[in-house]
Amino acid sequence: MYAQIVFPLPFRNSFTYKVPPEFKEQVQVGVRVVVSFGRRILTGFVIGVSETTKLEGKIKPIQDVLDEQPIFNLESLKFYEWLAEYYLSSLGEALRYSVPYGTEVESKRTIVADTKFCDQLYNEEKKKTSVKAKLLNYFADNETARISTVQRNVGKKNIYSQLRSLEKAGAISILNQISQAKVRAKKLKFVKLAVPAEELSKHFPELEKSSPKQVVILLELVSNKAEDYQLSLLLKKTKTHQASINSLVQKGLVTVFDKEVDRVFIETYQEKIKKFELTETQNDVIDKITDSIIKKEFKSFLLHGVTGSGKTQVYIELTKKTLSQNQTVIILVPEISLTPQITSRFYNNFGDKITVLHSRMSLGERYDSWRGIIAGKYSVVIGPRSALFAPLKNIGLIVIDEEHDGSYKQFENIPRYHARDAGLVKATLEKCPILLGSATPSIESMFNAKNNKHTLLELKERVDDAKLPRIRLVDVSAERKQKRMESIFSKTLLEAISERLKKNEGVILLQNRRGFATQIYCEDCGEIEMCPDCSVSMVHHISKNILKCHYCGIIKKVPKACSNCGSIALKFFGTGTQRVEDELEYFFPEINIERVDSDSVSRKGALGLILNRFRNNEIDMLVGTQIVAKGLDFSHVTLVGVISAETTLWLPDFRADERTFQLLTQVSGRAGRSKVPGEVIIQTENPKHFVLQKVYENNYNDFYEKELQLRKKGEYPPFTRTCLIESKDEKEANARGAVEQFYKFLTKYGRGLIITPPAPAIIERIKNQYRYQILVKSKREFDTSGKILRKAVLESFIEFNQKSRFRNVRLTIDIDPQSIV
């Protein structure tokens, strides 16, 4: 018996391994196995099993099987095959998303060096700039190192032949060390009675004389209705010690055993269950989608509902309908910021049928949730984009809330999928309906709805007789001339805040930048304090009095003088959330203000605790980045203020206008979610800009039509398919050379495509890596599915890897990029 196995590596073919007799019952499509791959030990995915093979010679055996139950079957494998084909990755790389991080077994190669001998060889080496000399110089100072660390330090990936020659010379030894899975099932010690409770009475007289503490333990075990008692809790409650338990075990009265326990993520945000009376429009929406749930047919719906129109309640009612059909549900939310409230509401309705999957959970919590899903313990999974890969069976509904949000796009790992687009394909394969919901649908989704690819459903009114808030645009230039600006605040905004606070109403302020000051500038020489590894300015964080780069995370001390000319005439420019919070405390010293950004809510459960206090009126005002713009639903919030509307508007990106409209509309929707009217004040330098005018009018349809015209003129989605090719290297010449060679291959294969010449990225350097880009477009009328574009890029990539002298430079291919910055 033989198994076809793929690995989470950039190889596009599968590898055949022999199945030993002891594993024949366990090896099947969908399980993970541990095998020898070259000189390494790796975890691979079984994608096929056969009785025979055409391969000749010695075939390596499978060493271990990691899963008792398959993670995927032949049907669900089709989804991962599509993911790999569409986003130009290997199948193994796509299947990596099917398992939680930390569950793989692999070998790590470690180098052990004879430092004195390496130092001697280095001194004998004539050419000190050669790769061999660099390796010897590194090993003269480092006795042990991982190969990846050595590659980074010598600035070259292809060092294996040199390492082998050094190993033959006796300068180094290369060891293969097996690295076990970082996370496993958790087991705890439990205690239970070894004899029936009625038989214990004859032992009590003797025990009361000699060991009264043992009697306390036995009485606690008798009174405990559950048969098993966690040992640590038993000792704590009875105030006894392990010795008493050991003695009872020796007497045969109790048994101690290991038991597997689930690590369950507990959401810190909680709210009471509310009874909702659905509106007629909500019922109509539910009825239309329920029809597809009952028929178990694929159909895509776009729900365009204004903020506060009750979209979450629609999701809850549809989940009830789906569960009644004995089917399961996936609910996707953009990021962790939306999870607390929506999770709390789903738990209130469905209890332990729900599990969450997201990055703020511990490795153990994620692992146990994932295992529970495979075992059929959970019927509803809620989480960000990664929850799309939850191994649910018999999926009856997929919901993608705030479908427009950019965080549904994977920006880091390969393949760089978009959860909304991948969700549509998954729903097609699962033969189930999919619901995309948003108050500000993406241009692409609305375009597809207008062209009958999605069924458009609308919720035009807020629930509970609430009205959309009144929006005011405040021209800060005019306010400045009239001397109505107090630092970063207009008097209009400060007066509105004061008025709302007197009425004990909630206030939310948005400034979509972290930190205190976004630039430190020298007035004498014009120098800006830049990150040493990125082409961006350092941001001042006043809470720790440090400078921090928001791209690579590097931290520096705040300079006392200009690093270029030595002048002490340093000025702090720009406004972040810390500055807004700091200045508000000056204007309103008596109130409680809480900052909500990725710095302040990085600790597990911190956001939920803040929202609990805000709901209970223990916090008067929230100041934050875009986290406060999404999904927050508090009836007492009547004022929303935007410190600077231009934060995202001026970015040189074709989606900048759309993102600005969405962010401002979404944050505006946090106000007036009850019968008390809401108000939104947006401070801007350019109140006549069409995006801000459409936000002011609350006119999505006009914005959509205008933006569509601009996209058509600029040849951007939805009228084109796009792909961004990016090279990265520590040496600028290598990054530029790689992208220029790729461009030559692309012009050879990409006839009919629109290919922009190679150019530095807008942020040219990040994490000490120079970045160069090519943007490729194909018109929809010429290439409806993007197949021609993908084929040209893939063929160019293959030839690049075969012929280019820059093949060691890192190239990333991003199909349907959400940003070109």
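Residues numbered from 1 in each chain as written. Predicted model: local features only at pLDDT ≥ 70, side-chain atom pairs only at ≥ 80, totals over all residues. Heavy atoms only, no water.

Tallying secondary structure elements over the protein gives 25 helices and 36 strands in all. Over its C-alpha atoms the protein spans a radius of gyration of 31 Å, differing by no more than 12% from the 28 Å that the globule rule assigns to 821 residues. Across its three principal directions, the C-alpha atoms of the protein cover 85 × 85 × 65 Å. Across the 821 residues that make up the protein, the buried fraction comes to 53%. For the protein, contacts bridging at least 24 residues in sequence account for 75% of all contacts bridging at least 6. A total of about 38600 Å² of accessible surface is found on the protein, and carbon and sulfur atoms cover 48% of it. The averaged location of the 100 negative side-chain charges in the protein is 4 Å from the averaged location of its 125 positive side-chain charges. (Helix = DSSP H or I, 4+ residues; strand = E, 2+ residues; numbered from the N terminus. Rg over C-alpha atoms; globule rule 2.2 N^0.38 Å. Buried < 20%, exposed > 50% of the residue type's maximum accessible area, 1.4 Å probe, protein only. Contact = heavy atoms within 4.5 Å. Areas by Shrake-Rupley, 256 points an atom, 1.4 Å probe, with all protein chains shown as cover. Lys, Arg positive; Asp, Glu negative; His and termini not counted. Charge placed at Lys NZ, Arg CZ, Asp CG, Glu CD.)

This brings us to the pairing of strand β15 (residues 380-383). Along β15, one buried face is formed by Val380 and Ile382 and the opposite face, lined by Val381 and Gly383, is buried too. Judged from the four bridges that link them, strand β13 (residues 328-332) and β15 form a sheet pairing that is parallel. Its bridge partner lying in β15, Ile331 is registered against Ile382. Examined bridge by bridge, strand β14 (residues 354-356) and β15 share three bridges and lie parallel to one another. Considered in β15, the bridge of Thr355 is made with Val381. In terms of handedness, the path from β14 via helix α14 (residues 363-374) over to β15 forms a crossover that is right-handed. (Pairing = 2+ DSSP bridges. Right-handed = clockwise from strand over helix to strand, strands pointing away.)

As a further point, take the side chain of Ser369. Considering the arrangement of structural elements, one finds Ser369 in helix α14. Once you skip the residues sitting within four places of it in the chain, Ser369 turns out to touch Thr355, Val356, Leu357, Met361 and Tyr378.

All right, on to the packing of aromatic side chains then. Evaluated as defined, the whole model comprises 33 aromatic pairs. For the pair Phe15 and Phe37, a centre-to-centre distance of 5.1 Å together with 90° between the ring planes defines the contact as edge-to-face. Here Phe37 lies in strand β3 (residues 32-37) and Phe15 lies in strand β2 (residues 15-18), a separation of 22 residues in the sequence. Residue Phe15 is classed as partly exposed on the basis of its relative accessible area, which comes to 24%. Classification of Phe37 as buried rests on a relative accessible area of 15%. (Phe/Tyr/Trp six-rings, centres within 6.5 Å; stacked < 30°, edge-to-face > 60°.)

This brings us to the pattern of salt bridges. Scanning all chains against the criterion turns up 49 salt bridges. Residues Arg514 and Asp599 are paired through a salt bridge, measuring 2.9 Å at the closest nitrogen-oxygen approach. With Arg514 in the loop between β22 (506-510) and β23 (519-522) and Asp599 in the loop between β28 (593-596) and α20 (606-615), the pair connects residues that are 85 residues apart, well separated along the chain. Connected via shared salt-bridge partners are Glu444, Arg655, Glu658, Glu707 and Arg711. (Salt bridge = Lys/Arg side-chain N within 4 Å of Asp/Glu carboxyl O.)

Most often, soluble globular proteins keep nonpolar side chains buried together rather than apart. Of all hydrophobic cores here, the largest spans 112 residues; its most connected members are Leu83, Leu95, Leu622, Ile725, Val776 and Val793. Here Leu622 is in contact with Val507, Ile508, Leu509, Glu594, Val596, Ile610, Leu611, Phe614 and Leu632, once residues within four sequence places are set aside. Ranked by size, the runner-up nonpolar core spans 28 residues in total, among them Ile286, Phe301, Ile342 and Leu459. (Core = buried A, V, L, I, M, F, W, Y, C linked by side-chain atoms within 4.5 Å.)

With that settled, consider the sheet that holds strand β4 (residues 40-50). In a beta sheet, neighbouring strands are held together by backbone hydrogen bonds and run either parallel or antiparallel to one another. Strand order in the open sheet made by the five strands is β2-β1-β4-β3-β5, with antiparallel pairing throughout. The open sheet terminates on both sides in strands that have one partner only, identified here as β2 and β5 (64-65). Sheet topology note: the strand β1 (residues 2-6)/β2 ladder contains four bridges and is antiparallel. Of the residues in β2, the one forming a bridge with Ile5 is Phe15.

On to the environment of Glu125, then. By the element assignment, Glu125 lies in the loop between α3 (115-124) and α4 (131-141). Note: C-alpha distance between Glu125 and Leu136 (eleven residues apart in sequence) is 9.1 Å. In contact with Glu125, other than residues within four places in its own chain, are Ser130, Lys132, Ala133 and Leu136.

Here three strands make up an open sheet; going across it, the order is β10-β9-β11 and the pairing antiparallel. Both edges of this open sheet fall to β10 (229-230) and β11 (254-261), since each of them pairs with a single strand only. Looking at chain direction, strand β9 (residues 186-193) and β10 are connected through two bridges and run antiparallel. Considered in β10, the bridge of Val191 is made with Tyr229.

With that out of the way, let us pick up helix α8 (residues 212-223). Along its twelve residues, α8 runs 17 Å from first to last C-alpha, staying within 8% of the 16 Å computed at 1.5 Å per residue. The complete set of buried residues in α8 reads Gln214, Val215, Ile217, Leu218, Glu220 and Leu221. On its buried side, α8 packs onto β9, α7 (204-210), β10, α9 (231-238), α10 (242-250) and β11. (Expected span 1.5 Å × (residues − 1).)

Let's shift gears to the environment of Thr103. Structurally, the position occupied by Thr103 is in the loop between α2 (91-95) and β6 (106-113). Spatially, the C-alpha atom of Thr103 lies 47 Å from that of Ile682, the residues being 579 residues apart in sequence. Non-local contacts of Thr103, meaning those with residues more than four positions away in its chain, are made with Arg32, Leu66, Ala181, Val183 and Tyr367.

A few words now on unusual backbone geometry. Looking along the chain, the bond that leaves Ile414 and enters Pro415 is cis, with omega of -5°. By secondary structure assignment, the location of Pro415 is in the loop between β16 (395-401) and α15 (419-430). Here the bond from Pro717 into Pro718 is cis, since omega is 10°, no more than 30 degrees from zero. Looking at the secondary structure, you find Pro718 in the loop between α23 (700-714) and β32 (720-729). Here the phi dihedral of Glu715 falls at roughly 60°; this positive angle occurs in a residue that is not glycine. By the element assignment, Glu715 lies in the loop between α23 and β32.

Another aspect to go through is the side chain of Arg32. Of note, Arg32 is situated in strand β3. Excluding residues within four positions of it along the chain, Arg32 makes contact with Thr43, Gly44, Phe45, Asp64, Val65, Leu66, Asp67, Ile71, Val99, Thr103, Glu104 and Trp370.

The terminal C-alpha atoms of helix α21 (residues 656-668) lie 18 Å apart, and with 13 residues this matches the ideal 18 Å at 1.5 Å per residue to within 8%. Among the 13 residues in α21, twelve count as buried, and that is most of the element.

Looking now at the packing of α4 against helix α5 (residues 147-154). Interhelical geometry of α4 versus α5 gives an angle of 120° and a closest axis separation of 10 Å. Compared by their axis directions, α4 and α5 come out oblique. When the axes of α4 and α5 are compared, the crossing they make is right-handed. For the pair formed by α4 and α5, the contact residues are Lys134, Leu135, Tyr138 and Phe139 on the first element and Thr149, Val150, Asn153 and Val154 on the second. Of the residues contributing to the contact of α4 with α5, the split by class is five nonpolar, two polar and one charged. (Axes fitted to C-alpha atoms, helices over the stretch in contact; angles between N-to-C directions. Parallel < 35°, antiparallel > 145°, perpendicular 65-115°, else oblique. Left-handed = near helix turned anticlockwise from the far one by under 90°. Nonpolar A, V, L, I, M, F, W, Y, C, P; charged D, E, K, R; others polar.)

This part is about the confidence of the model for the protein. Taken residue by residue, the protein gives an average pLDDT of 90. The fraction at 70 or more is 98%. Predicted confidence in the protein is weakest over strand β8 (residues 172-179), with a mean pLDDT of 75, and strongest over strand β17 (residues 433-438), with 98. (pLDDT = per-residue confidence, 0-100.)

Okay, the environment of Ile643 next. Structurally, Ile643 can be placed in the loop between β30 (637-642) and α21. You can call Ile643 buried: its relative accessible area is 7%. For the pair Ile643 and Thr575, spaced 68 residues apart in sequence, the C-alpha to C-alpha distance is 8.8 Å. Apart from residues lying up to four places away in sequence, Ile643 is in contact with Ile488, Phe489, Leu493, Leu509, Leu510, Gln511, Val580 and Gln683.

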